[in-house]
Amino acid sequence: MAETGDGKKEEADYKRLHSFPLIRHTDMPEEMRVETMELCVTACEKFATNNESAAKMIKESMDKKFGSSWHVVIGEGFGFEVTHEVKNLLYMFFGGSLAVCVWKCS
Amino acid sequence: MQGKVLVKPADQLDLSEAELKEEFTRVLTANNPHAPQNIVRYSFKERSYKPISSVDQLAIHFVLEGNLLHKDSDEARRQRAKQEIPEADGVLTCVEQADLTEDTGDAEEGAGEERPDSVDVKSGKMERKVTNQFNYSERASQTLNNPPRERGCQTEPPPRAKFSATANQWEIYDAYVEELQKQEQSKEKQKTLVSKKEEDKGKKKMTVVENPSDDITKVAKVTKIIERMVTQNTFDDIAQDFKYFEDASDEFREQEGTLLPLWKFQYDKAKHLSVTALCWLCNYKDLFAVGLGSYKFTKQGRGMLLFYSLKNSTYPEYIFTTLSGVMCLDIHKQLSSLVAVGFYDGSVGVYNLKEEGPQPIYKSTAKMGKHTDPVWQVKWQKDDIDNNHNFFSISSDGRVVSWTLVKNELVFTDIIRLSVEGSISNGQEGMQLPAMACGTSFDFHQQIDYLFLIGTEEGKIHKCSKCYSSQFLETYAAHNMAVDAVKWNQFHPKVFISCSSDWTVKIWDHTIKSPMFTFDLNAPVGDVAWSPYSSTVFAAVTTDGKVHVFDLSINKYEAICQQAVAAKKTKLTHIEFNPVYPIIIVGDDRGYVTSLKLSPNLRRKPKEKKGQELPKGPEVEVAKMEKLLSLLREPDLTVNPQN
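Owing to the predicted nature of the structure, the values given are computational and were not obtained by experimental measurement.

A.B. asks: Explanation requested: the overall build of chain B in the structure shown.
C.D. replies: A count of helical and extended segments in chain B gives 10 helices and 33 strands. Looking at chain B as a whole, 40% of its 643 residues are labelled buried. The contacts of chain B with a sequence gap of at least 6 include a subset with a gap of at least 24, amounting to 48%. Carbon and sulfur atoms provide 53% of the accessible area of chain B, an area that totals close to 41,000 Å².

Structural data, given as structure tokens:
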């Protein structure tokens, strides 16, 4: 593809460019979506090395804000099929390597 | 003596002396032996039954309310004061409680001031009379409690959906790359947009307006297909009948055939109108046009032009509404999108199916030679020398007019006037006619270009030429009432058929002035049509709701099929053969069009020659007709008087 120097540069570029949160799929209303996304970003940045704590934080905050039984999955690679309440699902990428799936099902 | 006798109860124990002297020790306690030991009470606080530890040991055996007071007691003093009894008097005072209040009134003057408790007395005397405690009763009653009812309801659970995805590094990477690309593109677009913004403002609005309509048209095609599929599904049995059903019983009936009803076409908005014209399209075998209007002078109003397809019997393919009733229509043989229409108000118009919009592309106006009476028939002609499309029309005002489509307008030429002169020039009964002869129908000869026939309201049929506008080539005294239809045979160049409200259908050889065949159908005949597959088969509809199918090669005297196809009191107005399929369509005065399948007997072909003669079909048909005619020509003088 490219030489090593270029490769490194590309990698840096990639990390820089790909740091923004990218919503992959959601059916939430606008307001809720923005809030959830920001929450995910905060959590992932706060617990950059510990996905579990980040997930816990997201789940607990969501439970408080939008009522109980939220589920959160954070990871670099996973597959899933979930049943969620309509208008309560957010699936996003963040930081170039993380996937976050937040949904509600009680 | 008497004292020594001991009275003993019968069941007393006999005890010996020693036993009597025996001592029993009893300890008496303050406990009530009858008091229950295990009382429990429901505690609402703890929501359970709790044993009560303190048991009431007091047993009251006798109670008597006394009426004695100790003289030193407060109560005694008070009473003394009231009754002014000296303090030293009795040891005990007897007082009736009940009198107390009553007495206060009497006691009030002298009593009181000396004693400190007179305050009580004073306040007491101010009290209002209490109700007599011995002379009133309390009553209570209880009403029925309303029966309690239970009512519950369950709400639907919040809707749920499933979502599944796989997250891994390459997916995430791809997503980001894609997003970045998009962003770049949108940036570029924005730049270009900014530069073009001013120009685009106008265009934007246009696109906004155009887009929704585009969406609808896109969907329209799909919905049309779906609609056809649905109707095909619902009317599957009819479609099967149309394609495959052949009446097996025909084999056992030598001379007769039947009509099998297939689809019924109906449009809600055309219910009150009657079918005034039917016409199949040449290029599309399943499509036909229906003209709707009214024949009644008093019930004129709007008309309608509908196009139905056999593929969808539930809803017309095209709908045109017209201000005046449609009286006739004809579809151009080559350009089937061109439809000529004649209206009740005397105007003629041309619709183009390819052009959207409810208006005709051409319409005659009062300035441009419009008829003054209803137009009864229109017919497309071959294009003229300048390759302009043109058609003819006939109306009750006695004119036959040729209309040429030139650029944006219809140019008219009077071909013939069915005036008194015309009749006079023809001689014979002209003088008896009213000033104007009224044309009701016409038909053009298929081979001889100039030759055409005109049926009139007076029952005459004129053979005319396009070249002579003032003269008829021939006049047949055909009917006693208006000629409803006149049609050349599709095969034999000399033969034509006519029908009339005078109940008859007549077949003519145009070289002979008297009819070759006459059939009486016992009801006014609305329309007649030659079959496209045989020179000897024709069908007619009558106002009593019957369809009559004749095959002269089988039966020269009677219809081989006579079948009522419409509800009672419904008049059939028009009939048309499909040019390819063995079906006919029949229109009635309630706006319905019924399609009917001809049973095998009604479309029989000469079997013996079938293999070889097929390519020479028309000649065979001509020969067949000729054979019939030749039988009649010599004895026609004898046959016709009968009819």
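Now that the structure is up, let's keep going.
A.B. asks: So what exactly am I meant to see when it comes to the overall build of chain A here?
C.D. replies: Across its full length, chain A carries three helices and five strands. Counting only residues that meet the buried cut, chain A has 38% of its 106 residues in that class. Taking contacts inside chain A between residues at least 6 apart in sequence as the whole, the part at least 24 apart equals 58%. Accessible surface for chain A amounts to roughly 6,000 Å². Of this, 50% is attributable to carbon and sulfur atoms.

A.B. asks: Explain the sheet that holds strand β18 (residues 409-417) of chain B to me, please; I cannot follow it from the model alone.
C.D. replies: The strands that make up a sheet pair up through hydrogen bonds in the backbone, lying either parallel or antiparallel. Residues and elements named next belong to chain B. Taking strand neighbours across the sheet as the criterion, the four strands line up as β15-β16-β17-β18 in an open arrangement whose pairing is antiparallel. With one partner strand each, in any of the chains shown, β15 (375-381) and β18 form the two edges of the open sheet. With direction set aside, neighbouring strand axes in the sheet form an average angle of 25°. Sheet analysis places β15 next to strand β16 (residues 390-395), joined by six bridges and oriented antiparallel. Among the inter-strand pairings, Val-378 is bridged to a residue of β16, identified as Ser-393.

A.B. asks: I keep staring at the interface of chain A and chain B and nothing clicks. Help me out?
C.D. replies: In many analyses, interface size is given as the accessible surface area lost on bringing the parts together. Taken together, the 30 residues of chain A in the interface contact 21 residues of chain B. Buried surface at the junction of chain A and chain B, both sides included, amounts to about 2,200 Å², of which 63% is carbon and sulfur. Its largest share of buried area at the contact with chain B, chain A owes to A:His18, A:Leu22 and A:Phe93, together 20% of the area lost on that side. Taken together, chain A and chain B are joined by one salt bridge. Where chain A meets chain B, there are 12 residue pairs in polar contact (both at pLDDT 80 or more).

A.B. asks: I keep staring at unusual backbone geometry and nothing clicks. Help me out?
C.D. replies: Both trends apply: most residues other than glycine have a negative phi, and most peptide bonds are in trans. Residue and element names in this part refer to chain A. Positive phi outside glycine occurs at Ser-69, with the angle close to 70°. By the secondary structure assignment, Ser-69 is in the loop between α3 (51-66) and β2 (70-75). Judged by relative accessible area, which is 22%, Ser-69 ranks as partly exposed. Backbone geometry places Lys-87, a non-glycine residue, at a positive phi of 70°.

A.B. asks: What's the story with empty space enclosed by the protein in this structure? I'm lost.
C.D. replies: Regions of empty space are outlined by a rolling probe, equal in size to a water molecule, passed over the atoms. Inspection of every chain in the model, using the stated rule, returns three cavities of 30 Å³ or more. Looking at the second largest cavity, its volume works out to about 40 Å³. In terms of residue class, the lining of the second largest cavity is built from three nonpolar, six polar and no charged.

A.B. asks: Would you explain the pattern of salt bridges in this entry?
C.D. replies: Pairs may arise between side chains of opposite charge once their charged atoms sit close together. All names here are of chain B. Scanning the entire structure with this criterion turns up 16 salt bridges over all chains. A salt bridge links Glu-317 to Arg-228, with the nearest nitrogen and oxygen atoms 3.0 Å apart. One end of the pair, Glu-317, is in the loop between β9 (303-309) and β10 (318-322); the other, Arg-228, is in helix α5 (residues 169-234), with 89 residues separating them in the sequence. Glu-317 sits in the buried class, given a relative accessible area of 16%. Between Asp-527 and Lys-487 there is a salt bridge, with its nearest N and O atoms 3.6 Å apart. Here the residue Asp-527 occupies a position in strand β27 (residues 525-530), and Lys-487 occupies one in strand β23 (residues 483-488), the gap between them amounting to 40 residues. Side by side, Asp-527 and Lys-487 carry an identical accessibility label, which is buried. One continuous salt-bridge network, built from bridges that share partners, spans Lys-224, Arg-228 and Glu-317.

A.B. asks: Is there a simple way to explain the packing of aromatic side chains in this structure?
C.D. replies: In this description, an aromatic ring pair is defined by two values, namely the gap between the centres and the angle between the planes. On inspection of all chains with the given rule, the structure shows 36 aromatic pairs over all chains. The rings of A:Phe78, A:Phe80, A:Tyr91, A:Phe93 and B:Phe163 are connected pair by pair, giving a single aromatic cluster. Over the ring of B:Tyr592 we find B:Lys264; its NZ or CZ atom is 5.0 Å from the centre of that ring. It is B:Lys363 that lies over the ring of B:Phe343; its NZ or CZ is 4.5 Å from the centre.

A.B. asks: Is there a simple way to explain the nonpolar core in this structure?
C.D. replies: Side chains of a nonpolar character, in soluble globular proteins, are inclined to be buried together. Residues and elements named next belong to chain B. Val-505, Ile-507, Phe-519, Val-528, Phe-538, Leu-552 and Met-625 are the most contacted members of the largest nonpolar core, which has 22 residues in total. Secondary structure elements with two or more residues in this core: β24 (495-500), β25 (504-509), β26 (517-520), β27, β28 (537-542) and α9 (617-633). Considering every element that reaches this core, the biggest residue donor is α9, with four residues. Excluding residues within four positions of it along the chain, Met-625 makes contact with Asn-489, His-492, Val-495, Ile-507, Trp-530, Ser-535, Thr-536 and Leu-552.

A.B. asks: Would you mind showing me how to read the pairing of β18(B) here?
C.D. replies: Two faces, one strand: in a regular strand the side chains alternate between the faces of the sheet. Residue and element names in this part refer to chain B. Across eight bridges, strand β17 (residues 399-406) lies against β18 in antiparallel orientation. When the bridges of β18 are listed, Leu-405 appears paired with Leu-410. The hairpin turn running from β17 into β18, its antiparallel successor, is two residues long, and Lys-407 in that turn takes a positive phi close to 45°.

A.B. asks: Help me understand the UniProt feature "repeat: WD" (unreviewed entry) in chain B in this model?
C.D. replies: With numbering aligned to this structure, UniProt lists the feature "repeat: WD" (unreviewed entry) at residues 476-509 of chain B. Strand forms 59% of residues 476-509 of chain B and helix 0%; the C-alpha atoms that close the span are 11 Å apart.

A.B. asks: What's the story with the layout of surface pockets in this structure? I'm lost.
C.D. replies: By volume, the second largest pocket amounts to about 890 Å³. Taken together, the residues that form the lining of the second largest pocket break down as 12 nonpolar, six polar and nine charged.

A.B. asks: Is there a simple way to explain the side chain of A:Glu85 in this structure?
C.D. replies: By the element assignment, A:Glu85 lies in strand β3 (residues 78-85). Lacking a salt bridge, the buried A:Glu85 has B:Arg160 as its closest oppositely charged neighbour, with an N-O distance of 4.2 Å. Side chain to side chain, A:Glu85 and A:Ser106 meet in a polar contact 2.9 Å long. If we ignore the near neighbours within four places in the chain, the residues touching A:Glu85 are A:Lys104, A:Cys105, A:Ser106, B:Pro158, B:Pro159 and B:Arg160.

A.B. asks: I keep staring at the confidence of the model for chain B and nothing clicks. Help me out?
C.D. replies: The predicted coordinates should not be examined in detail at positions where pLDDT is low. Residue and element names in this part refer to chain B. Chain-level statistics for chain B give a pLDDT mean of 79 and a share of 83% at 70 or above. Every residue in residues 89-93 scores below 50 in pLDDT, and together they form 11 contacts with partners more than four places removed in sequence or on other chains. Here residues 608-615 is a poorly scored stretch, pLDDT under 50, and it has one contact once near neighbours within four places are set aside; other chains count.

A.B. asks: Can you walk me through the pairing of strand β2 (residues 48-51) of chain B in this structure?
C.D. replies: All names here are of chain B. Taken together, the four bridges between strand β1 (residues 40-43) and β2 define a ladder with antiparallel strand orientation. Within the sheet, the bridge partner assigned to Ser-43 lies in β2 and is Ser-48. In this structure, the hairpin formed by β1 and β2 is closed by a connection of four residues, where Arg-47 is found at a positive phi of approximately 55°.

A.B. asks: What's the story with helix α2 (residues 74-83) of chain B in this structure? I'm lost.
C.D. replies: Residues spaced three or four apart along an α-helix point in a common direction, a consequence of the helix completing one turn every 3.6 residues. All names here are of chain B. Along α2, the residues that are buried comprise Ala-76, Gln-79, Arg-80 and Lys-82. Considered in projection along α2, the buried side chains sweep an arc of 160° and stay on one side of the axis. Phi turns positive, to about 55°, at Glu-84, one or two residues after α2.

Analysis parameters
Residues numbered from 1 in each chain as written. Chains lettered and ligands numbered in written order. Predicted model: local features only at pLDDT ≥ 70, side-chain atom pairs only at ≥ 80, totals over all residues. Heavy atoms only, no water. Helix = DSSP H or I, 4+ residues; strand = E, 2+ residues; numbered from the N terminus. Buried < 20%, exposed > 50% of the residue type's maximum accessible area, 1.4 Å probe, protein only. Contact = heavy atoms within 4.5 Å. Areas by Shrake-Rupley, 256 points an atom, 1.4 Å probe, with all protein chains shown as cover. Pairing = 2+ DSSP bridges. Axes fitted to C-alpha atoms, helices over the stretch in contact; angles between N-to-C directions. Buried area = accessible area lost by both parts, 1.4 Å probe. Salt bridge = Lys/Arg side-chain N within 4 Å of Asp/Glu carboxyl O. Polar contact = N/O pair within 3.5 Å; in protein donor to acceptor, adjacent residues only side chain to side chain. 1 Å grid on protein atoms, 1.4 Å probe; cavity = no way out; pocket = protein on both sides within 12 Å on 5 of 7 lines; lining within 4 Å. Points joined across faces, edges and corners; volume = space filled by probe spheres on them. Nonpolar A, V, L, I, M, F, W, Y, C, P; charged D, E, K, R; others polar. Phe/Tyr/Trp six-rings, centres within 6.5 Å; stacked < 30°, edge-to-face > 60°. Lys NZ or Arg CZ within 6 Å of the ring centre and 35° of its normal. Core = buried A, V, L, I, M, F, W, Y, C linked by side-chain atoms within 4.5 Å. UniProt positions renumbered as here; feature names shortened; annotations may be inferred. Lys, Arg positive; Asp, Glu negative; His and termini not counted. pLDDT = per-residue confidence, 0-100. Arc of directions from axis to C-beta.

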